[in-house]
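Chain by chain, the residues run as shown.
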Amino acid sequence: MFDIHSAFDQGSIEQDPAALKQAISGMYSIDETTLLEQLLPLATPTAGLMQETTRECADLVKAVRAREDAIHMIDALLLEYSLDTREGVLLMCLAEALMRIPDSATADALIRDKLTVADWKQHLKQSRSLLVNASTWGLLLTGKVIRLDAGIDDEPASVINRLVNRLSEPVVRQAMHQAMKIMGRQFVLGRTIGEALSNSTANREAGFTYSYDMLGEAALTGGDAEDYFAAYSRAIETVGRDSFPADRSPRPTISVKLSALHPRYEKTQYHRVMRELGERMLALVSLARKQDVGITIDAEEADRLEISLDLFEQLYRDPAVRGWGNLGLVVQAYSKRALPVLCWLAALARQQGDLIPVRLVKGAYWDSEIK
């Protein structure tokens, strides 16, 4: 069992990475109450730290809200349709999905399927933003249009619904595309890596940087994997040619989903994945090192963690990667295995002597917990 209290001791970092790695899998099924009893003392701030953190967070929120461009359409939409509501999640799913649908019939089917399950009425007049209320009415009408086939009555609202229905679903689709553009501007930088670089200039001028990834990364066939490999290669080369001054913003990196580069990225195909995907990833990493573009291996589903870590270690220890220090990993803090993963990475970096960039994210495991 992984010893939580010794995790921050210098001695744990100096341990053999192999020994630390063995403790990772055991944390997958650890009792949550037991784990929390060990973690809470480590996470309990002092009174002074809590006061300072609260003050700094409040100042940050005030500064953001004071900006003229901060409380605009997307912020108001997200305040009203929070991601902890069914409507908020539906909007985000639709925003991403509509961007990748090439034909009208499929887009109509998606809108019909998604918008009929949401209760938009509960959000009417709940937001201080006039635009959000207008958007809510539009979404409500859209939902009604699509539900008309289930039967209508002679109420005044039904007459309005019939009138709106004459506009047809293609018009609804166009309206939804406009609404989704609002969502997309906040979370999608561009349709191509070139657009993403161009649209990120303002934030990079302010000193921020990016790790670019792609929407919808999932290879179902070998052809899909080859297409994604080509897309990642182009993205690396494009970022490598970027001429933005390095002294004004750290160089952007590319995030890679391992599942996008192999159609059978699963434990049952372990040896095949380690060989075939390992070769493909090594080619990308070699290209990235040549172009001086950092690579971050993105997170996957919970049941793929071990194979992801094995592949990362295989790449990290490869002679083509040694001495680079720009092969990073995303770690999901929500996972009960997060702390042993971080300790393992620290020990691995100390043993080899190369930096391992880590992007710590909240992460989520809806599939494994609920589905």
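Residues numbered from 1 in each chain as written. Predicted model: local features only at pLDDT ≥ 70, side-chain atom pairs only at ≥ 80, totals over all residues. Heavy atoms only, no water.

Let us now look at the overall build of the protein. A count of helices and strands for the protein gives 17 helices and five strands. Across the 371 residues in the protein, those meeting the buried criterion constitute 39%. Contacts in the protein between residues at least 24 apart in sequence constitute 73% of all its contacts with a sequence separation of at least 6. For the protein, the exposed surface amounts to about 21000 Å²; the carbon and sulfur share of it is 55%. (Helix = DSSP H or I, 4+ residues; strand = E, 2+ residues; numbered from the N terminus. Buried < 20%, exposed > 50% of the residue type's maximum accessible area, 1.4 Å probe, protein only. Contact = heavy atoms within 4.5 Å. Areas by Shrake-Rupley, 256 points an atom, 1.4 Å probe, with all protein chains shown as cover.)

This part takes up the nonpolar core. If you look at the biggest cluster of nonpolar residues, it comprises 48 residues, and the most contacted ones within it are Ile254, Met281, Ile295, Phe312 and Leu327. Here the element with the most residues in this core is helix H14 (residues 270-291); it accounts for eight residues. Residues within four places of Ile295 in sequence aside, it is in contact with Ile236, Ile254, Val256, Met281, Ala288, Trp324, Asn326, Leu327 and Gly328. (Core = buried A, V, L, I, M, F, W, Y, C linked by side-chain atoms within 4.5 Å.)

In this structure the tally under the stated criterion is one cavity of 30 Å³ or more. Estimates place the volume of the largest cavity at around 170 Å³. Lining the largest cavity are 17 residues, and of these Ala299, Leu305, Val330, Val331 and Gln332 sit closest to its centre. Counting residues per element, the ones that place at least two in the lining of the largest cavity are helix H15 (305-316), strand S4 (327-332) and helix H16 (338-352). At four residues, the largest contribution of residues to the lining of the largest cavity is made by S4. In terms of residue class, the lining of the largest cavity is built from 10 nonpolar, three polar and four charged. (1 Å grid on protein atoms, 1.4 Å probe; cavity = no way out; pocket = protein on both sides within 12 Å on 5 of 7 lines; lining within 4 Å. Points joined across faces, edges and corners; volume = space filled by probe spheres on them. Nonpolar A, V, L, I, M, F, W, Y, C, P; charged D, E, K, R; others polar.)

The subject of this paragraph is the side chain of Ser308. Structurally, the position occupied by Ser308 is in helix H15. Classification of Ser308 as buried rests on a relative accessible area of 6%. In this view, Ser308 contacts Leu258, Tyr265 and Glu300; residues no more than four positions away in its chain are not counted.

When you line up the elements, Glu300 lands in the loop between strand S3 (295-297) and H15. Within polar-contact distance, the side chain of Glu300 engages the backbone nitrogen of Leu258 at 3.1 Å. Side chain to side chain, Glu300 and Arg304 meet in a polar contact 3.3 Å long. Beyond its immediate sequence surroundings of up to four residues, Glu300 is in contact with Lys257, Leu258, Ser259, Tyr265, Ser308 and Gln332. (Polar contact = N/O pair within 3.5 Å; in protein donor to acceptor, adjacent residues only side chain to side chain.)

By the definition in use, this model includes 14 salt bridges. Between Asp298 and Arg359 there is a salt bridge, and its shortest N-O distance comes to 3.8 Å. Within this pair, whereas Asp298 is found in the loop between S3 and H15, its partner Arg359 is found in strand S5 (residues 358-361), the two being separated by 61 residues in sequence. For Arg359, a relative accessible area of 29% puts it in the partly exposed group. Salt bridges sharing common partners tie together Lys21, Asp310, Glu313 and Arg317. (Salt bridge = Lys/Arg side-chain N within 4 Å of Asp/Glu carboxyl O.)

Take H14 next. Helix length check: H14 (22 residues) gives 30 Å between terminal C-alpha atoms against 32 Å at 1.5 Å per residue, within 8%. Along H14, the sharpest change in direction is near 30° and occurs at Gly278. Listed in full, the buried residues belonging to H14 are Val273, Met274, Leu277, Gly278, Met281, Leu284, Val285, Leu287 and Ala288. The first or second residue beyond H14 is Asp292, which carries a positive phi of 60°. (Expected span 1.5 Å × (residues − 1). Bend = angle between axes of the 7 residues up to and from the residue.)

Turning our eyes to something else, we now look at the packing of aromatic side chains. Enumeration according to the criterion identifies two aromatic pairs in this entry. Arranged with centres 5.6 Å apart and planes meeting at 5°, the rings of Tyr210 and Tyr212 form a pair that is stacked. The class of Tyr212 is buried, set by a relative accessible area of 6%. Summarising the aromatic geometry, the rings of Phe312 and Tyr316 are spaced 5.9 Å apart at their centres and angled 10° between planes, so their arrangement reads as stacked. Here Phe312 pairs with Tyr316, and both are found in helix H15, just four residues apart, close to one helical turn. Grouping residues by exposure puts Phe312 and Tyr316 together as buried. (Phe/Tyr/Trp six-rings, centres within 6.5 Å; stacked < 30°, edge-to-face > 60°.)

Right, let's get into the sheet that holds S5. One open sheet accounts for five strands, arranged S1-S2-S3-S4-S5; its pairing is parallel. Each end of this open sheet is capped by a strand with a single partner; those strands are strand S1 (211-212) and S5. Along the sheet face, helix H13 (residues 222-240) touches S1, strand S2 (253-256) and S3 and points at about 165° away from the line of S2. Lying over the sheet, H16 contacts S4 and S5, oriented at roughly 160° with respect to S4. (Pairing = 2+ DSSP bridges. Axes fitted to C-alpha atoms, helices over the stretch in contact; angles between N-to-C directions.)

Quick look at the packing of H15 against H16 now. Helices that pack against each other are described as a pair by the angle of their axes relative to one another and the distance between those axes. Contact pair H15 / H16: the axes reach a minimum separation of 12 Å and the direction vectors enclose 10°. On the basis of their axis angle, the class for H15 and H16 is roughly parallel. Side by side, H15 and H16 meet where Leu305, Leu309, Phe312, Glu313 and Tyr316 of the first sit next to Val341, Trp344, Leu345, Leu348, Ala349 and Gln352 of the second. Partitioned by chemical class, the residues of the contact of H15 with H16 number nine nonpolar, one polar and one charged. (Parallel < 35°, antiparallel > 145°, perpendicular 65-115°, else oblique.)

For the rest of this paragraph, the subject is the packing of helix H2 (residues 17-26) against H15. Orientation of H2 relative to H15, taken along the N-to-C sense of each, is 160°, at an axis distance of 10 Å. It follows from the interaxial angle that H2 and H15 lie roughly antiparallel. Regarding H2 and H15, the two cross each other, and that crossing is right-handed. Contacts from Lys21, Ile24 and Ser25 in H2 reach Leu305, Glu306, Leu309, Asp310 and Glu313 in H15. For the contact of H2 with H15, the residue count by class is three nonpolar, one polar and four charged. (Left-handed = near helix turned anticlockwise from the far one by under 90°.)

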